[in-house]
Amino acid sequence: MSADPLPIVIETDSLTLRPWEARDREPMVAIQGDAHVRRYFPRTLTREQTNTDLDNAIALARRDGFHIQAAELRDTGELIGLIGINRIPQEIRQAIPSRPEVEIGWVLAERFWGRGLAAEGAAAWLDHAWSIGLGEVVATTAAVNRPSRRVMEKLGMQHDPSDDYQRPTVPEGNPLRPHIVCRIANPHADTGPRP
């Protein structure tokens, strides 16, 4: 039986990106229950849904060696939200024409918006993705979500219109159902011809 992977802790100038802890649950309930923060998602999350998501993230990090994690300010230790990479759930993966495997995502409390923290944390996670040999990472969001699209652009991700899709977890007719995919390839990957 193999041991759990070592916890991933990534530090940037402003952030510590780390595994979830019990103290993160209440702040995440507030963040995921905020209608403005969740305006590009079909709904806010209840306390139970948020806790289930955190439990799943912890379990998937053990299984895969990485998953969405807590993001806190280095100076104060205050939780600002979540940032990380994860394997795309099968239902979503099947809806995307190219069937990508790993995505990056973020959700931050509103008071931390506009400071470049999502891009800073996501860039650090991309560096980690390349260090473990991932060939590509995508990001998906509702087509109308301009703020997240701007973060994707800052990261150097390119919109791939051929991968635009209808999010199966969003009801038909909902303006948030059309989703876009942006992608970035590992700049260190060997892209030359194979023998």
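Treat the numbers as computed from the prediction; the structure is a model and nothing was measured.

Here we take up the overall build of the protein chain. On a plain count of helices and strands, the protein chain comes out with five helices and nine strands. N-terminal to C-terminal, the α/β element order of the protein chain is β-β-α-α-β-β-α-β-α-β-α-β-β-β. For 195 residues, the compact-globule formula gives about 16 Å, and the C-alpha radius of gyration of the protein chain, at 16 Å, lands near that figure. Across the protein chain, every contact between residues at least 6 apart in sequence was considered, and the portion connecting residues at least 24 apart equals 63%. Of the roughly 10,300 Å² of accessible surface on the protein chain, 51% is carried by carbon and sulfur atoms.

On to the nonpolar core, then. What tends to happen in soluble globular proteins is that the nonpolar side chains get buried as a cluster. Ile83, Ile104, Trp106 and Trp125 are the most contacted members of the largest nonpolar core, which has 46 residues in total. The dominant element in this core, judged by the number of residues it contributes, is helix α4 (residues 117-131), at nine residues. Each residue touching Trp125, except ones within four places of it in the same chain, is listed here: Ile8, Ile10, Leu17, Phe66, His67, Gln69, Ile83, Gly84, Ile85 and Ile104. Counting residues in hydrophobic clusters, the runner-up holds six residues, among them Ile92, Ile96, Val138 and Val181.

As a further point, take the environment of Pro178. Here Pro178 shows up in strand β9 (residues 178-185). Between the C-alpha atoms of Pro178 and Ala143, which are 35 residues apart in sequence, the distance is 5.8 Å. Those residues in contact with Pro178 that sit more than four places away from it in its chain are Thr141, Ala142, Ala143, Tyr165 and Gln166.

Let us now look at helix α1 (residues 25-32). All of the buried residues in α1 are Met28, Val29, Ile31 and Gln32. Viewed end-on, α1 has its buried residues packed into an arc of 165°, placing them on one side of the element.

What counts and what doesn't
Residues numbered from 1 in each chain as written. Predicted model: local features only at pLDDT ≥ 70, side-chain atom pairs only at ≥ 80, totals over all residues. Heavy atoms only, no water. Helix = DSSP H or I, 4+ residues; strand = E, 2+ residues; numbered from the N terminus. Rg over C-alpha atoms; globule rule 2.2 N^0.38 Å. Contact = heavy atoms within 4.5 Å. Areas by Shrake-Rupley, 256 points an atom, 1.4 Å probe, with all protein chains shown as cover. Core = buried A, V, L, I, M, F, W, Y, C linked by side-chain atoms within 4.5 Å. Buried < 20%, exposed > 50% of the residue type's maximum accessible area, 1.4 Å probe, protein only. Arc of directions from axis to C-beta.

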